[in-house]
Amino acid sequence: MSFSLNGPSELLFYVNGRKVTEKNVDPETMLLPYLRKKLRLTGTKYGCGGGGCGACTVMISRYDPGTKKIRHYSANACLLPICSLFGAAVTTVEGIGNTQRRIHPVQERIAKCHGTQCGFCSPGMVMSLYSLLRNIPKPSMDQLMEALGGNLCRCTGYRPIVDACKTFCKGNTRDLPILLWATNCCQSKENGICCLDRDESELLDSEQGNRTCEKLFQEEEFLPLDPTQEFIFPPELMIMAEKQPKRTRVFYGERITWISPVTLRELLEVKAKYPDAPIVMGNTTVGPDMKFKGILHPVIISPDRIAELNAVNYLDNGLTIGAGCSLAQLKDILTDVVLELPAEKTQTYQALLKHLRTLAGSQIRNVASLGGSIISRHSTSDLNPLLAVGNCTLNLASKDGKRQIPLNDQFLMKARSSDLKPEEILISVNIPYSRKWEFVSAFRQAPRQQNALAFVISGMRVLFEEDTNIVRDICIFYGGIGSTTVCAKKLCQKLTGRAWNEEMLGKACRSVLDEVLLPASAPGGMVEYKRSLLVSFLFKFYLEVLRNLRMMNPSLCPSVPAEYRSVLEDFHSKQYETVLRYQKVDTKQFPQDPIGRPIMHQSGIKHATGEAIYCDDMPVHDQELFLTFVTSSRAHAKIVSIDSSEALKLPGVIDVLTGKDLQGVNSFSEFPESEEILATDEVLGVGQLVCAVVADSDVKARQAARLVKIEYSDLEPLILTIEDAIQHNSFLETETKIDYGDVEEAFKTVDQILEGEIHIGGQEHFYMETHSMLVVPSGEDKEMDVYVSTQYPKQAQDIIASILKVPSNKIMCHVKRVGGAFGGKATKTGILAAITAFAANKTGRPVRCILERGEDILITGGRHPYLGKYKVGFMNDGRIMALDVVHYANGGFTLDHSQFVIQMGLLKLDNAYKIPNLRCRGLACKTNLPSNTALRGFGFPQAALVTESCITKVAAQSGLPPEKVRMINMYKGIHETHYKQEIDASNLMKCWNECIEISSYYARKARVEDFNKKNYWKKKGIALIPLKFPVGLCSLPAGQAAALVHIYLDGSVLVTHGGIEMGQGVHTKIIQVVSRELGMPMTNIHLRGTSTETVPNANVSGGSVVADLNGMAVQDACQILRKRLEPIISKNPHGTWMDWAQEAFNQSISLSATGYFRGYESDMDWEKGEGNPFAYFVYGTACSEVEVDCLTGDHKNIRTDIVMDVGHSINPALDIGQIEGAFIQGVGLYTLEELKYSPEGILYTRGPEHYKIPSFCDVPAEFNVSFLPASEVARTLYSSKGLGESALFLGSSVFFALHDAILAARQERGFSGVFTLNSPLTPEKIRMACEDKFTKMIPKDEPGSYIPWDIRI
Ligand SMILES: Cc1cc2nc3c(=O)[nH]c(=O)nc-3n(C[C@H](O)[C@H](O)[C@H](O)COP(=O)(O)OP(=O)(O)OC[C@H]3O[C@@H](n4cnc5c(N)ncnc54)[C@H](O)[C@@H]3O)c2cc1C
Ligand code: FES
Ligand code: FES
């Protein structure tokens, strides 16, 4: 019977225990928008849309009638077509628990262990952990790390999330963080009431019962994990799977038809009918291709539960595994086989398992299929090189019959004769057992150890003549080189018949470089590094095989030299340890007073349940439209024409706005120079806004945007790099400088002078919530309600008012919370919101604009790349007498915050050092790149790295330990800075000394040296970095803040202030302040959000001072109210807040008050280069230890100890969170995150696939944070210090520890002398700095003889 398509099928699946049926389902719809828009389940978040961030994680459960088992697994909703969900049960974060019913233990623990900050990643984290626990209620640490590897968090630094997860682990108590200096808070329990909120009599009772807490959280109070409480799998789906006749389902969309055959026969028939249609299994290749590359498949074939595709057969020669098995299932199958069979038979399986542990995140591994992985033939495939060396065969079938083909180089190169025919399906893969005397190895090096495509991958196999070291057969494949996985065939031929010895190795290394060629301009860049990896992997293989051969027969070959052995061990942390020390609250402090206690984030539980509302979670308004942008594809060009006619023809498209529509209002001027909102005549950078497309849906708007045709004519000059800008004298402002002492005179008297430079790459904010806004015209008096994810609502209000030509009092900007910002939602958001408001005004309809991740990264800029050049004069004992330094920042095409960043860099560059003669100059370069802006630390992370790099060189030059040079030059006691502000740096030295003690620095340094003596290819490094971070905004008005506090007649309080909650916990601290000032329980106090309606003219939230400044304003308001109510309270001291409020009302006493803080007195005279710009200084020290693999550049963060001076902490849990989060962001900046630009100025790295922020694997295996004992800080709120930014720089301790390790390697290899390492210190830079005999072999390309793939900006 031949196959024919039926009418449209009905889609049936379950979501959170409820049946969902869809008659007219569009195959293009992914589960994520379906959940968010159709089912209004907004807990599942959009972070990237490409499977790379885990924000959209849900759990899928499926029943297999064959095995009668239910499989639960996590998956990325952004890549799951809903058509693929027939018969599945979907569980979202809302389904597992909520505050109305019962929160789930996973949600509770993530929140109460302080594992949420902005909360945007939290639902995804919860669901990954939940899915793991559904399968393994007591997982091991390894299982935990594997399950969470696909989830990114930009705020927390992961440590608290790990702690929360560990509470579910086997034998968890041993691993829990040790908290010293106990506090007295229980952490809020399920009903939201904390011990601090109970009334006094209750507290006395509990204290008599010795009820005190000793940790940041109380594990005893956690809800137990009870698997019997979970949703049961819907019986209807089970019955359906068992009993319903299997029928091919077809779903027809506007552009795509989806066919789900349910038997192999039907599948083959459909494939014969639609040979070009892809077979969609996990959709992890097809999905991203359709979404990001615009590839359209009119027909999609998606087999459903076809037994043959999922069968596993154990044959005599090996395993045959169904092509439909997911990579996670493959891993389970291979794990079982490896446990059962002798090791000699499972060499290929063990090698595959090694890669399956790190390949992508668990969500991808759970859905991506073995067949999909093979057929996709990505050059970066982890599995294909191994399957190829393992002599696998592919079992194919078509309507015309079955056949087998080898998975070899020809197949991988897609040679027609060796490939599938269009009508063929891959049914299964045979992976043979290995033989005695056969060894298989797997190698990969990626930018990050987890969830990152590798730069180079290799599978290598060798078979020896029995009981000899003579090679009988050898096979080597490489991936990541060129467009396909390649075989080093000639090399293998040459090695066959040879003895396994050093001579063979030397020949192999030379041959591989001759055979596996990588052109200088190869896509992906890093050419020399990749070449070096070809050889490094070969060398590692040589050593591995040597070890194995010797185990078989010690007489066959020499043993691996002792100092080489460690390089064969993988970096792998099995344990995560942490000690947190924070300040003890004074025993005299009133128990109900929450100041100084580790109170959970006010929204913690809501973050974890998905109930916290972000901008795009707001319901759709009637008649709502969507706006998207068309951006420049050229870096410097004249706009010849804009043709939007095709876009406008698309049904649903309402308008395409250009600069002409904005005539007269097409600019804004927050900074001295005004900025064009939509480019009209000329574009100055790729990503510049040119048009805005407005349509009735996001899908339509994006489709239409692709149809807008812009014709350009390129202009000269094209200025991209700092060096280009210097050459063209292209700067955004004139030079800024500070002169202190007499540098020239000092240079004459010093013992030594050294000159150098360092380049520091930029950084993307990568807040998890992309730019989001919704503008709703009220329809009356030109009023607009603007819901926007911004740090600076006032600026959005100003630009909108100006573009609409209305007074500011008509524009109400509201910010409930922001899903991370880090400086990136300060200036750019206002422009985006203004265009959205313009569209809303023009159409008279609500307009929403949510940037996709790629757009967000492209449009909004980030941290300024820096070039620091210095000349330093010092004495032989390490004393620095003079420093002359110049900073160049790559500012992009508009001024934005560049000048301020330069100024802050100059003011803060001294870091912890008293430099008696200092001349510093700074220039912001104007280039044809997206404009760079504020990012946590604001110039300090770059400026201080320049100084520390210089000091490291001084140490190397003078032959002194770096920590000694640092200590000699540090501020001690009372001093003045180079801008003549007085500073008492006593706490700096305390942090330094305490860190040395806590970290056992000197003992560990000795151990590191000992390790380095005994290990040639692995080196350890340790570094101690001090921190002095000035806090303040350099201006009095910039620090003013206001608040509004209402007391209602029932005694409850509503607070608003000008600060934005972006994860740092400002609202939580404010509630603590109100609680102390009014003397009322925190549960009485509510904070709804920030709005220009309630607190006008609020400054931007940033610069570490949001809680400081707004807290003072709130304190002021509360004190006013308390004073007013004092007579009433003292008359009725046992009354309740309800009584007092009612009495005040009866006496006509106002129950509302505004509070105000003028800002910190500050001044800076840039003409003279002196002033008192800062309110206070934060001090700290970090000690980090790392281990480096010199052959690959890989490294492991072994341990970090941080000691911080925080004054009196208002909330140690939040403050530790800020320190850890900033530190890990700093680790990202200095060692991992790399923005890559083409020579034409096009940003390549536009999503988590290419731009790697730190993940769980980057957290030091031991991570300790300590506060200095409380100290008084004049003028600040309760003597607290703002900690948002400072600790980011401490991430450089990892950079300098890497430097130390590289130095050890270089010295051992005879490379003496000073060398420069630029930031970020990626595996590429580490490897190339660890020069050795292998790097010497690498062919080098003459600079200028080729066009590189990327350029350093
Ligand atoms: C975020 C992310 C991270 C990743 N990281 C890694 C990584 O670290 N290492 C790595 O190796 N890979 C990585 N990948 C790639 C991933 O492994 C592949 O996308 C995946 O294996 C493809 O499987 P699939 O089932 O999803 O294929 P699909 O997208 O469903 O299909 C892919 C292709 O295979 C064809 N196909 C599938 N099954 C058959 C069959 N039975 N017969 C004939 N043709 C078939 C389809 O026609 C289609 O052309 C990553 C992918 C993503 C999205
Ligand atoms: S949104 Fe799905 S993984 Fe990022
Ligand atoms: S809390 Fe994880 S991204 Fe903000």
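Just so it is clear, the structure is predicted and the values come from calculations on it, not from any experiment.

Participant: Got a minute to help me understand unusual backbone geometry in this structure?
Facilitator: For residues besides glycine, phi is generally negative; the peptide bonds are generally trans as well. Following E716, the chain continues to P717 via a peptide bond in cis, the omega torsion being -10°. The omega torsion across S1319 and P1320 is 0°, close enough to zero to call that bond cis. Considering the arrangement of structural elements, one finds P1320 in the loop between α38 (1292-1308) and α39 (1323-1329). Even without being glycine, D467 reaches a positive phi, approximately 55°. Relative to the assigned elements, D467 resides in the loop between β16 (456-464) and β17 (471-479). A residue is classified by how much of its surface remains accessible, and D467, at 42% relative accessible area, is partly exposed.

Participant: I keep staring at the nonpolar core and nothing clicks. Help me out?
Facilitator: Generally speaking, nonpolar side chains in soluble globular proteins are found buried as a group. By size, the foremost hydrophobic cluster in this structure holds 316 residues, and its most contacted members are Y478, W500 and M1204. With 14 residues, the single largest contributor to this core is helix α20 (residues 527-552). Residues within four places of Y478 in sequence aside, it is in contact with V456, I457, S458, M460, T484, T485, V486, V512, V516, L534, F537 and L538. With 82 residues, the next largest nonpolar core counts I321, L356, V389 and F477 among its residues.

Participant: Just checking my understanding: could you explain the site of ligand 1 for this structure?
Facilitator: The local shell around ligand 1 holds 32 residues, among which M281, T284, T285, S369 and D382 are the closest. Within the backbone of G282, one N or O atom sits 2.9 Å away from an oxygen atom of ligand 1. A distance of 2.7 Å is found between a nitrogen atom of ligand 1 and a side-chain nitrogen or oxygen belonging to D382. Within the complex, the protein chains bury 91% of what would otherwise be the 980 Å² of accessible surface of ligand 1. Of all the elements in the fold, those that place two or more residues in the shell around ligand 1 are α15 (370-376) and β14 (425-432). Per-element tally for the shell around ligand 1: the top contributor is α15, with 5 residues. Here the shell around ligand 1 is composed, by residue class, of 16 nonpolar, 14 polar and 2 charged.

Participant: So what exactly am I meant to see when it comes to the side chain of S1091 here?
Facilitator: Within the element layout of this structure, S1091 appears in strand β43 (residues 1090-1091). At a separation of 3.2 Å, a polar atom in the side chain of S1091 contacts the side chain of H814. With residues up to four places along the chain from it excluded, the contact list for S1091 reads C813 and H814.

Participant: Can you help me understand the sheet that holds strand β35 (residues 880-892) in this one?
Facilitator: Neighbouring strands of a sheet are bound in pairs by backbone hydrogen bonds; such pairs are parallel or else antiparallel. Taken together, 5 strands build an open sheet; the order of strands is β28-β36-β35-β34-β29 and the sheet is mixed. Unpaired on one side and paired on the other, β28 (736-740) and β29 (752-760) mark the two borders of the sheet. Put simply, the sheet's adjacent strands are angled 10° from each other on average, direction ignored. Pairing of strand β34 (residues 866-874) with β35, which is carried by 9 bridges, proceeds in the antiparallel orientation. If you follow K869 over to β35, its bridge partner there is V886.

Participant: How should the packing of aromatic side chains be read in this particular structure?
Facilitator: The relation between two aromatic rings is expressed through the spacing of the ring centres and the mutual angle of the planes. Applying the stated criterion to the full structure yields 35 aromatic pairs. Between F13 and Y34, the ring centres sit 6.0 Å apart and the planes meet at 50°, which makes this aromatic pair tilted. Of this pair, F13 sits in strand β1 (residues 11-15) while Y34 is found in helix α1 (residues 31-38), placing the two residues 21 residues apart along the sequence. Residue F13 shares its accessibility class with Y34, and that shared class is buried. Arranged with centres 5.5 Å apart and planes meeting at 15°, the rings of F443 and F537 form a pair that is stacked. Separated by 94 residues along the polypeptide, F443 in strand β15 (residues 438-445) and F537 in helix α20 bring together distant segments of the chain. The buried category is assigned to F443, whose relative accessible area is 4%.

Participant: Even after reading the chapter, I still don't get the environment of F539, so can you show me in this structure?
Facilitator: For F539, the location among the structural elements is in helix α20. With a relative accessible area of 2%, F539 lands in the buried category. Here the alpha-carbon distance between F539 and G506, two residues 33 residues apart in the chain, equals 9.2 Å. When near neighbours in sequence (up to four residues on either side) are disregarded, F539 contacts L505, Y564, W1017, L1191 and F1334.

Participant: Got a minute to help me understand the pairing of strand β26 (residues 689-695) in this structure?
Facilitator: Walk down a regular strand and you will see the side chains alternate between the two sheet faces. A large share of β26 lies buried, amounting to 7 of its 7 residues. Across 6 bridges, the pairing between strand β20 (residues 625-631) and β26 is antiparallel. Directly across from T631, in β26, lies its bridge partner L689. Sheet topology note: the strand β22 (residues 653-657)/β26 ladder contains 4 bridges and is antiparallel. The partner of V656 across the bridge, within β26, is V693.

Conventions used here
Residues numbered from 1 in each chain as written. Chains lettered and ligands numbered in written order. Predicted model: local features only at pLDDT ≥ 70, side-chain atom pairs only at ≥ 80, totals over all residues. Heavy atoms only, no water. Helix = DSSP H or I, 4+ residues; strand = E, 2+ residues; numbered from the N terminus. Buried < 20%, exposed > 50% of the residue type's maximum accessible area, 1.4 Å probe, protein only. Core = buried A, V, L, I, M, F, W, Y, C linked by side-chain atoms within 4.5 Å. Contact = heavy atoms within 4.5 Å. Near = heavy atom within 4 Å. Polar contact = N/O pair within 3.5 Å; in protein donor to acceptor, adjacent residues only side chain to side chain. Areas by Shrake-Rupley, 256 points an atom, 1.4 Å probe, with all protein chains shown as cover. Nonpolar A, V, L, I, M, F, W, Y, C, P; charged D, E, K, R; others polar. Pairing = 2+ DSSP bridges. Axes fitted to C-alpha atoms, helices over the stretch in contact; angles between N-to-C directions. Phe/Tyr/Trp six-rings, centres within 6.5 Å; stacked < 30°, edge-to-face > 60°.

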